[in-house]
Amino acid sequence: MFEISIEKFLPTLFDTGIEFAKASFRILLVIVAAYVAVRLLRLALNRVEAMLVRAGEASETVPGAALMRVRTLVSVLWTIAVGLIWFVAVLMVLGQIGVNVAPILASAGVLGLAVGFGAQNLVKDLVSGFFLILENQIRVGDIAVINGTGGLVEALTFRTIVLRDLSGVVHVFPNGTINTLANMTKDWSAYVLDVGVAYKEDTDHVIDIMRKVAGDMQAEPTYRSAMLEPIEIFGVDAFTDSAVTIKARFKTRPLQQYMIGREYRRRLKKAFDAAGIEIPFPQRALTMGQASSPFQLVIKETEADSARSN
């Protein structure tokens, strides 16, 4: 009787063993396929990184900036892609061992929807930060104006940008809240100045002095490397109440415009003084009308004042 029972269950045990072996083999294939996909992804991202670095180094003025930016983007893509690959692999393994993955996928969809609604500002910040770095709109060390606030970019992440203004105040902007962004040191910088001289001065002579002062500065090694081009003088730009305004511009390396502009103003003031060129200040002329007769002042004494005087 006992032998008959064993013979009855032997086919079932054999079939179960075969199914287990097949499932184990399929699980092994899934794990190997995921591992190979991760390795191929790593090789592909390494090649993409090298190509992007070579393409970005030609336009970067800061050494190593392109490498840092590309590595940041590649690391984010690597993390997201590897997470997706292993998530799919785990679902396939669970399916091979008989687990129904449909409720898991439904729960993941509901959870993702809930997270999307609850953390939509965070997602907006991350997406905006990703494209800020991808498009190289701003970098650490740039001088930028964000939402009307200017300062030096001290930190740049996928979520925030940190500015420090001239007074030392630190401003933190979530990337999703940035409405306007102006980069003042993108590839090169400019220093624009308005020079006011008196109406009696010869503007051509003034422009010659301005060019000479700028040329002397550019001839010195201290300033030659910072000045990308000779001074650009646009000419007479405006007639104000007390001065003729001449507009000019320096094209400099990033972050060097203020140093060049301040030194140029110092030298230009001395050159104008030596040449006798007047830098006027606002003046106002007063014209008096026809003189009128003086007012007559009449003091009327009241009865109370008369009583007190007595």
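Treat the numbers as computed from the prediction; the structure is a model and nothing was measured.

Conventions and cut-offs
- Every chain is numbered on its own, with residues counted from 1 as its sequence reads.
- Confidence filtering applies because this is a predicted model: local features only for residues at pLDDT of at least 70, side-chain atom pairs given and counted only at 80 or more, and all residues used for totals across whole chains, interfaces and linings.
- Only hydrogens and water are set aside when side-chain values are computed; all heavy atoms of the structure are taken into account.
- Two rings from Phe, Tyr or Trp (for Trp, the six-membered ring) form a pair when their centres are within 6.5 Å of each other. A pair whose planes differ by under 30 degrees is stacked, one over 60 is edge-to-face, and the rest are tilted.
- By the criteria applied, helices consist of DSSP H or I runs no shorter than four residues and strands consist of E runs no shorter than two, each listed in order from the N terminus.
- Only lysine NZ and arginine CZ atoms are considered, and such an atom sits over a ring when it is within 6 Å of the ring centre and within 35 degrees of the ring normal.
- Take the buried Ala, Val, Leu, Ile, Met, Phe, Trp, Tyr and Cys residues and link them wherever side-chain atoms come within 4.5 Å; each set so joined is a nonpolar core.
- The classification of residues rests on relative accessible area computed with a 1.4 Å probe and restricted to protein chains. Under 20% of the type maximum is buried, over 50% is exposed, and intermediate values are partly exposed.
- Residue contacts are counted whenever heavy atoms from the two residues lie within 4.5 Å of one another.
- Here, a strand pair is defined by DSSP locating no fewer than two bridges between the strands.
- One side-chain nitrogen of Lys or Arg within 4 Å of one carboxyl oxygen of Asp or Glu is enough to make a salt bridge.

1. Re the packing of aromatic side chains
Geometry of an aromatic ring pair is reported as the spacing of the ring centres plus the angle between the planes. By the definition in use, this model includes 4 aromatic pairs. Between Phe130 and Phe131, the ring centres sit 5.6 Å apart and the planes meet at 90°, which makes this aromatic pair edge-to-face. For the ring pair Tyr199 and Phe239, a centre distance of 6.2 Å and an interplane angle of 20° mean the geometry is stacked. A residue pair is termed long-range when its members are at least 10 positions apart, and Tyr199 in the loop between β6 (189–197) and α5 (203–219) and Phe239 in strand β7 (residues 232–239) qualify at 40 residues. Linked through ring pairs, Phe130, Phe131 and Phe158 together constitute an aromatic cluster. Between the NZ or CZ atom of Arg42 and the centre of the ring of Trp78, over which it lies, the distance is 4.6 Å. Seen from the ring of Trp188, Lys251 lies directly overhead, with NZ or CZ sitting 4.4 Å from the centre.

2. With respect to the nonpolar core
Counting residues in hydrophobic clusters, the biggest one holds 25 residues, and the most contacted among them are Met210, Phe250, Tyr264, Leu268 and Phe272. Breaking this core down by element, the ones donating at least two residues are β6, α5, β8 (244–252) and α7 (257–275). A per-element tally of this core places α5 first, with 7 residues. Setting aside residues up to four positions removed in sequence, Phe272 forms contacts with Val195, Val197, Val206, Ile209, Met210, Ile277 and Ile279. Core analysis: the second largest hydrophobic core is formed by 9 residues, Val153, Ile161, Leu163 and Phe173 among them.

3. Overview of the environment of Arg139
Within the secondary structure layout, Arg139 lies in the loop between α4 (120–134) and β1 (143–146). Taking relative accessible area as the criterion, Arg139 reaches 9% and is therefore assigned buried.

4. Description of the pairing of strand β2 (residues 149–156)
Of the strand pairs in this sheet, β1 and β2 are connected by 4 bridges, and their pairing is antiparallel. Bridge pairing in β2 places Ile143 opposite Leu152. Between β1 and β2, which pair antiparallel and follow one another directly, the connecting turn spans 2 residues, one of which, Asn147, has a positive phi of 50°. Bridge count between β2 and strand β3 (residues 160–164): 4 bridges; the pairing is antiparallel. Following the sheet pairing, Leu152 is matched in β3 by Arg164. Taking the residues that link successive antiparallel strands as the turn, the β2-β3 hairpin has 3 residues.

5. Brief notes about the pattern of salt bridges
Applying the stated criterion across every chain, the model contains 12 salt bridges. Of the charged contacts, one joins Asp194 and Lys247 as a salt bridge, the two residues approaching to 2.7 Å between their closest N and O atoms. With Asp194 in strand β6 and Lys247 in strand β8, this residue pair connects regions lying 53 residues apart in the sequence. Residues Glu263 and Arg266 are paired through a salt bridge, measuring 2.6 Å at the closest nitrogen-oxygen approach. Of this pair, Glu263 and Arg266 both sit in helix α7, separated by 3 residues, roughly a single helical turn. Owing to a relative accessible area of 41%, Arg266 belongs among the partly exposed residues under this scheme. Three or more residues joined by partner-sharing salt bridges are found here, namely Glu220, Glu263, Arg266 and Arg267.

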